[in-house]
Amino acid sequence: MSTPMHCPGFEQFKNLKSFVCKCPECSKENEIFSDEFDKIHTCTACGEKIDFKQCKAETN
Ligand SMILES: [Zn+2]
């Protein structure tokens, strides 16, 4: 059994999840990372504020 080598930054990214939330205004999918979850985000398409705390993770 071999142990794969990881770069030093690997452990950080392991805890970093990304979420996709559809804009309520224009349905554009906006992606954020878990470390940005508490920040205010705006839609990349229409500029409306998106509250990611109310966003449900959609799994297809
Ligand atoms: Zn939008």
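Quick caveat, the model's predicted, so the values are computed rather than measured. (Residues numbered from 1 in each chain as written. Predicted model: local features only at pLDDT ≥ 70, side-chain atom pairs only at ≥ 80, totals over all residues. Heavy atoms only, no water.)

Engineer: Outline the overall build of the chain, listing residues and values.
Structural biologist: Within the chain one finds 1 helix and 4 strands. Ordered by position from the N terminus, the helices and strands of the chain form the series α-β-β-β-β. Counting the 60 residues in the chain, one finds 13% classified as buried. Looking at the chain as shown, the accessible area adds up to about 5400 Å², and 50% of this sits on carbon and sulfur atoms. (Helix = DSSP H or I, 4+ residues; strand = E, 2+ residues; numbered from the N terminus. Buried < 20%, exposed > 50% of the residue type's maximum accessible area, 1.4 Å probe, protein only. Areas by Shrake-Rupley, 256 points an atom, 1.4 Å probe, with all protein chains shown as cover.)

Engineer: Let's hear about the coordination of the zinc ion: which residues, and what values?
Structural biologist: Binding of the zinc ion to the protein goes through C23 (SG), C26 (SG), C43 (SG) and C46 (SG), at separations of 2.3 Å. Taken together, the 4 donor atoms coordinating the zinc ion span angles of 106 to 115° at the metal, a pattern that classifies the geometry as tetrahedral. The sequence motif formed by the donor residues of the zinc ion is C-x2-C-x16-C-x2-C. With a gap of 20 residues between them, C23 in the loop between β1 (18-22) and β2 (29-33) and C43 in the loop between β3 (41-42) and β4 (49-50) connect regions that are remote in the sequence. (Donors = N, O, S within 2.8 Å, 3.2 Å for Na, K, Ca; no water. Tetrahedral: all angles 85-135°; square planar, octahedral: opposite > 155°, others 65-115°.)

Engineer: Can you lay out the confidence of the model for the chain for me, pointing to particular residues and giving the numbers?
Structural biologist: Residues with a pLDDT of 70 or more make up 68% of the chain, whose mean pLDDT is 78. Per-element confidence in the chain ranges from a low mean pLDDT of 64 for helix α1 (residues 10-14) to a high of 90 for β3. (pLDDT = per-residue confidence, 0-100.)

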